[in-house]
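The residues making up each chain are set out below.
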There are 2 protein chains.
Amino acid sequence: MSNKNKTLTNVELKGFNFEKLVLESGKVIAPVTIAYETYGVLSEEKNNAVLVCHAFTGDSHAAGFYSGEDKPGWWDDMIGPGKAFDTDKYFVICSNVLGGCRGSTGPSSTNPATQKPYGLDFPVITIEDMVNAQKKLIDSLGIEKLLCVAGGSMGGMQALQWAALYPQSICSVIPVAAAMKHSPQQIAFNEVGRQAIMSDIAWNNGNYYQVEAKPERGLAVARMVGHITYMSDSSMEEKFSRNLKDKEYSFSFTADFEVEGYLRYRGGAFVKRFDANTYLYITKAMDYFDVSQDLPFIRNGFVKFLVISFASDWLYPSYQSENIVKELKMKGQPVTYCEVKSTYGHDAFLLEVEDQTRLVKHFLNNVYKEISHGK
Amino acid sequence: MSNKNKTLTNVELKGFNFEKLVLESGKVIAPVTIAYETYGVLSEEKNNAVLVCHAFTGDSHAAGFYSGEDKPGWWDDMIGPGKAFDTDKYFVICSNVLGGCRGSTGPSSTNPATQKPYGLDFPVITIEDMVNAQKKLIDSLGIEKLLCVAGGSMGGMQALQWAALYPQSICSVIPVAAAMKHSPQQIAFNEVGRQAIMSDIAWNNGNYYQVEAKPERGLAVARMVGHITYMSDSSMEEKFSRNLKDKEYSFSFTADFEVEGYLRYRGGAFVKRFDANTYLYITKAMDYFDVSQDLPFIRNGFVKFLVISFASDWLYPSYQSENIVKELKMKGQPVTYCEVKSTYGHDAFLLEVEDQTRLVKHFLNNVYKEISHGK
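Owing to the predicted nature of the structure, the values given are computational and were not obtained by experimental measurement.

**Re the interface of chain A and chain B**
(1) Moving on: In this complex, chain A contributes 55 residues to the contact, which on the side of chain B involves 55 residues.
(2) Moving on: When chain A packs against chain B, close to 4900 Å² is buried across both sides, 69% of that on carbon and sulfur atoms.
(3) Moving on: Viewed at the interface, chain B and chain A are joined by 10 salt bridges.
(4) Moving on: Here Lys 284 of chain A makes a salt bridge to Glu 260 of chain B, at a shortest N to O gap of 3.7 Å.
(5) Moving on: Our enumeration of links across chain A and chain B arrives at 29 residue pairs in polar contact (both at pLDDT 80 or more).
(6) Moving on: Those elements that provide at least two residues to the side of chain A that touches chain B are helix H3 (184-198), helix H4 (216-230), helix H5 (233-239), helix H6 (258-270) and helix H7 (276-288) of chain A.

Written out as structure tokens, the structure is:
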């Protein structure tokens, strides 16, 4: 779907450093680095900035190509010249979350107290902490008010947290396939992933950075569970059905079915790019997340919401988006809601480009028009 | 729900031994023991026998109490005097499946060739193999024709396999919360469980019986995934919501939420009663299972079906039961179908006693009446 002609090139990974961050738990991380990228140009009035927040295992590379690389950013279909987040018009920012393993300070970073990787000495963080780190980045760029904060899945949770924490600093929010709080089923799936990692003897209570053996098997199992929840029953049927890798049953424990081979492959690929401790920290942050008491009480009445969900998404089911809409409507907040028809399950937020493009484009256009007129 | 007054006491575990079983793979297991229990009395005409098949982690202890024990069998609410499977009227048989770890020959049994536990030298088995072993047991009891074969989940798959293999030997079938074949999503969840076990270093390629360390952590993770799939989003919300074990977030990786504590507890309890290799073998048998080509072509037109599914069951969704019904109806087979309203998810087949009792009781009564008249 990605068209290289319409895609940004020579994208650069940047780093923003600041002295310290006081966390929701009361603990402090110092110093902090936040990895980020920007696309497009910040207007003179600094009123065209859009913060895009990544999902659980994403990173700051949301769009375009790094010099000499072939793989575009994770939301490249949505961010670029003429796309939903039109970089001819808007200045788009994406940062790796606090606790991440793709350039931002996290459990694999060096603990200044010991000069060794933090491991489990890294304090437990929350979505609020992630957003507070992003706020410092946005402040450092001289942006007083973001045109929009948008994101899918955990990215949508960050967007909602922005609305709850900093309503005066944003014009609009686009939470996609997200929730105000994790349900017990969502917590349960995360807990299984954590247990898979912590059960791996190589996890070694989080101290594996300086030895060769990594908790790769546990992390791969965690990822396999994740992949099932990202797809839908019907998208798995469409993609794999009961297709065999070979002609006949092996009558052994090798991967007979294509779906087994796929899960093993995806599990194996994941461990090469993701840190097991970050898996623990970020899932915990998601499970702690709960803005159901804060969101309906935004002090500033002028945050506009575009809420998007997907019909076959059973990990972040539409009813969770509808609950967001209901709570906001009850308090008179302006909300637009759309459930996109899709068979892709939760993955739809990465795959259903056409519908999302239309929805986001018009929404952003209207918000931008309004604030430009309002000046 | 279980009423001890109406429950069988002094239930005995029996063993049926036979020389050998030729498997679907062409391999042979010899000798074979099948553990089983019976409830009620076999009529002189031997026409009142009902075979109840257990689900994945069940066993032959379907009803009543062992002498001196307090925990009734797994379907005690359904089997006993006056219950759905009325032991005042019917002779009910339940056996532990081939490959099991509760008395029947399986990977933890002694391999006569080595005098050590089979481990992975145990041949891969199928649902057809399980049913062929049951057939030998039924033959040994002198029963030419079963009044009914019934079961939930994998028990229902065995019941369907009976219909496909031995239509002349059964009058009726009751598959509950079952499927004609596993979907890729069902295979995927099983594969995750297998990978969790095989990733545990203590699994040791299946050779752990004679050492102290068992693959308990991997098996517990597998079970935790299972438990999520047995419940529904709404039954988890009802049971746990976001309730905390303590008053506040721990900001650590201990179990903060009740749902986490529950999963850890259930995982830990399971490893005490279940063998990790049996987990591998039985899940593989389920994944291989596919009677979608055989079932519609039953040669004997007089097998009656009662198909039951549950509205909130997303592991064995109602559409899979509806597919069974459709295929049978297309071939003119007599089928009764009921989707029971329930929020319990897949667990409903163990919990929704009242509706199932009514459905099963009338159905069995009619089948029994008909064959008694037919004589």
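**Overview of the packing of helix H3 (residues 184-198) of chain B against helix H4 (residues 216-230) of chain B**
Residue and element names in this part refer to chain B.
(1) Moving on: Packing of H3 against H4 leaves a shortest axis separation of 7 Å and a crossing angle of 160°. Overall, the two elements H3 and H4 adopt an arrangement that is roughly antiparallel. In this structure, the crossing between H3 and H4 has a hand that is right-handed. Along the contact surface, H3 presents Phe 189, Val 192, Gly 193, Ala 196 and Ile 197, while H4 presents Gly 218, Leu 219, Val 221, Ala 222, Val 225 and Thr 229.

**Things to note about the packing of aromatic side chains**
(1) Moving on: What the rule picks out here adds up to 43 aromatic pairs over all chains.
(2) Moving on: Relative to Phe 274 of chain A, the ring of Phe 56 of chain A has its centre 5.9 Å away and its plane inclined at 85°; by these criteria the two rings are edge-to-face. Residue Phe 56 of chain A is located in the loop between strand E5 (49-53) and strand E6 (79-80), and its partner Phe 274 of chain A is located in the loop between H6 and H7; the two are separated by 218 residues in the primary sequence.
(3) Moving on: You can call Phe 274 of chain A buried: its relative accessible area is 7%.
(4) Moving on: An aromatic cluster is built from Phe 56, Phe 270, Phe 274 and Tyr 279 of chain A, whose rings are joined through pairwise contacts.
(5) Moving on: In this structure, Lys 135 of chain A packs its charged tip against the face of Tyr 166 of chain A, placed 5.1 Å from the ring centre.
(6) Moving on: Taking NZ or CZ as reference, Arg 223 of chain B lies 4.2 Å from the ring centre of Phe 270 of chain B, over its face.

**A short note on the nonpolar core**
(1) Moving on: Residues Leu 295 and Phe 305 of chain A together with Ile 93, Leu 295 and Phe 305 of chain B are the most contacted members of the largest nonpolar core, which totals 184 residues.
(2) Moving on: Apart from the residues lying within four places of it in its own chain, the contact partners of Ile 93 of chain B are Tyr 36, Glu 37, Thr 38, Ala 49, Val 50, Leu 51, Val 52, Leu 137, Ile 138, Leu 141, Ile 143 and Leu 146 of chain B.

**Some words on the relation of the copies chain A and chain B**
(1) Moving on: With an RMSD of 0.0 Å, chain A superimposes on chain B once it is rotated by 180° and translated 0.0 Å along the axis. A rotation of that kind, with that shift, is consistent with a two-fold axis.

**Digging into the pattern of salt bridges**
(1) Moving on: By the definition in use, this model includes 26 salt bridges over all chains.
(2) Moving on: Between Asp 256 of chain B and Lys 284 of chain A there is a salt bridge, with its nearest N and O atoms 2.7 Å apart. Residue Asp 256 of chain B is found in the loop between helix H5 (233-239) and helix H6 (258-270), and its partner Lys 284 of chain A is found in helix H7; the two belong to separate chains.
(3) Moving on: The class for Asp 256 of chain B is buried, based on a relative accessible area of 3%.

**Describing helix H8 (residues 318-330) of chain A**
Each α-helix winds once per 3.6 residues, and so residues spaced three or four apart point in a common direction.
Residues and elements named next belong to chain A.
(1) Moving on: Compared with the 18 Å implied by 1.5 Å per residue over 13 residues, the 18 Å span of H8 between its first and last C-alpha is a close match.
(2) Moving on: Listed as buried for H8 are Ser 318, Gln 320, Ser 321, Ile 324, Val 325 and Leu 328.
(3) Moving on: Against the buried residues of H8 lie helix H2 (154-165), H3, strand E13 (304-310) and strand E14 (335-340).
(4) Moving on: Just downstream of H8 lies Gly 332, where phi reads positive at about 80°.

**Examining the environment of Val 11 of chain B**
Residues and elements named next belong to chain B.
(1) Moving on: Relative to the helices and strands, Val 11 resides in the segment before strand E1 (14-18).
(2) Moving on: Separated by 27 residues in the primary sequence, Val 11 and Thr 38 place their C-alpha atoms 8.0 Å from one another.
(3) Moving on: Beyond its immediate stretch of four places on either side in the chain, Val 11 contacts Glu 37, Tyr 39, His 61, Ala 63, Gly 64, Phe 65, Tyr 66 and Ser 67.

**Things to note about the sheet that holds strand E1 (residues 14-18) of chain A**
Residue and element names in this part refer to chain A.
(1) Moving on: Pairing within the open sheet is mixed, and its 8 strands lie in the order E1-E4-E8-E5-E11-E12-E13-E14. Two strands bound the open sheet, and with one partner strand each, they are E1 and E14. Neighbouring strand axes in the sheet, compared pairwise and without regard to direction, differ in orientation by 20° on average.
(2) Moving on: Two strands pair when backbone bridges link them, and strand E4 (residues 32-39) and strand E8 (residues 91-95) are joined in this way by 4 bridges, in the antiparallel orientation. Bridge pairing in E8 links Tyr 36 to Ser 95.
(3) Moving on: Seen against the sheet, H2 touches E5, strand E11 (148-152), strand E12 (172-176) and E13 and runs at an angle of roughly 150° to E11.
(4) Moving on: Along the sheet, H8 contacts E13 and E14; its crossing angle with E14, the most-contacted strand, is approximately 165°.

**Things to note about the side chain of Ser 235 of chain B**
Residues and elements named next belong to chain B.
(1) Moving on: Structurally, Ser 235 is set in helix H5.
(2) Moving on: The exposure class assigned to Ser 235 is buried, which follows from its relative accessible area of 6%.
(3) Moving on: In this structure, Ser 235 is in contact with Thr 343 and Tyr 344, ignoring residues within four places of it in sequence.

**Brief notes about the environment of Thr 343 of chain B**
All names here are of chain B.
(1) Moving on: On the secondary structure map, Thr 343 appears in the loop between strand E14 (335-340) and helix H9 (348-351).
(2) Moving on: Taking the relative accessible area as the measure of exposure, Thr 343 reaches 33% and is therefore partly exposed.
(3) Moving on: Sequence separation of Thr 343 and Ser 232 is 111 residues, and the distance between their C-alpha atoms is 6.8 Å.
(4) Moving on: For Thr 343, the residues in contact, after removing those within four places along its chain, are Ser 232, Ser 234, Ser 235, Glu 238, Ser 312 and Glu 352.

Rules used throughout
- Positions within a chain are numbered from 1, following the residues in the order the chain's sequence is written.
- Here the convention is simple: chains get letters from A, ligands get numbers from 1, in the order in which they are written.
- Owing to the predicted nature of the model, reporting of local features is limited to residues with pLDDT of at least 70; listing and counting of side-chain atom pairs is limited to 80 or more, with chain, interface and lining totals taken over all residues.
- Water and hydrogen atoms play no part in the side-chain values, which are based on all heavy atoms of the structure.
- Contacts were defined at the residue level, with two residues in contact if any of their heavy atoms lie within 4.5 Å.
- Two parts placed together each lose some accessible area under a 1.4 Å probe, and adding up what both lose gives the buried area.
- Here a salt bridge means any side-chain nitrogen of Lys or Arg lying within 4 Å of a carboxyl oxygen belonging to Asp or Glu.
- Polar contact criterion, stated in full: a pair of N or O atoms within 3.5 Å, where within protein one must be able to donate a hydrogen and the other to accept it, and residues adjacent in sequence count only if both atoms are side-chain atoms.
- Numbering of helices and strands runs from the N terminus; a helix is a DSSP stretch of H or I covering at least four residues, while a strand is a stretch of E covering at least two.
- Axis lines are fitted to C-alpha atoms, over the contacting stretch for helices. Their N-to-C directions set the angle, which ranges from 0 to 180 degrees.
- Throughout, the term roughly parallel applies to angles under 35 degrees, roughly antiparallel to angles over 145, roughly perpendicular to angles from 65 to 115, and oblique to all others.
- Working rule for handedness: look at the near helix, and if it is turned counterclockwise from the far one by less than a right angle, call the crossing left-handed; if clockwise, right-handed.
- The criterion for an aromatic pair is that two Phe, Tyr or Trp rings (for Trp, the six-membered ring) have centres within 6.5 Å, with stacked assigned to planes under 30 degrees apart, edge-to-face to planes over 60 apart and tilted to the rest.
- Each residue's exposure class comes from its accessible area (1.4 Å probe, protein chains only) as a fraction of the maximum for that residue type: buried when under 20%, exposed when over 50%, partly exposed otherwise.
- Each ring is checked for a lysine NZ or an arginine CZ that lies within 6 Å of its centre and within 35 degrees of its normal; such an atom marks a charge sitting over the ring.
- For this analysis, a nonpolar core means a set of buried residues of the types Ala, Val, Leu, Ile, Met, Phe, Trp, Tyr and Cys, connected via side-chain atoms within 4.5 Å.
- For the least-squares superposition of copies, only C-alpha atoms count, and only for residues with pLDDT at least 70 in both.
- In this analysis, the expected span of each helix is defined as 1.5 Å times one less than the number of residues it contains.
- The pairing criterion for strands is at least two bridges between them, as found by DSSP.

Any functional reading would require information that these geometric values do not contain.
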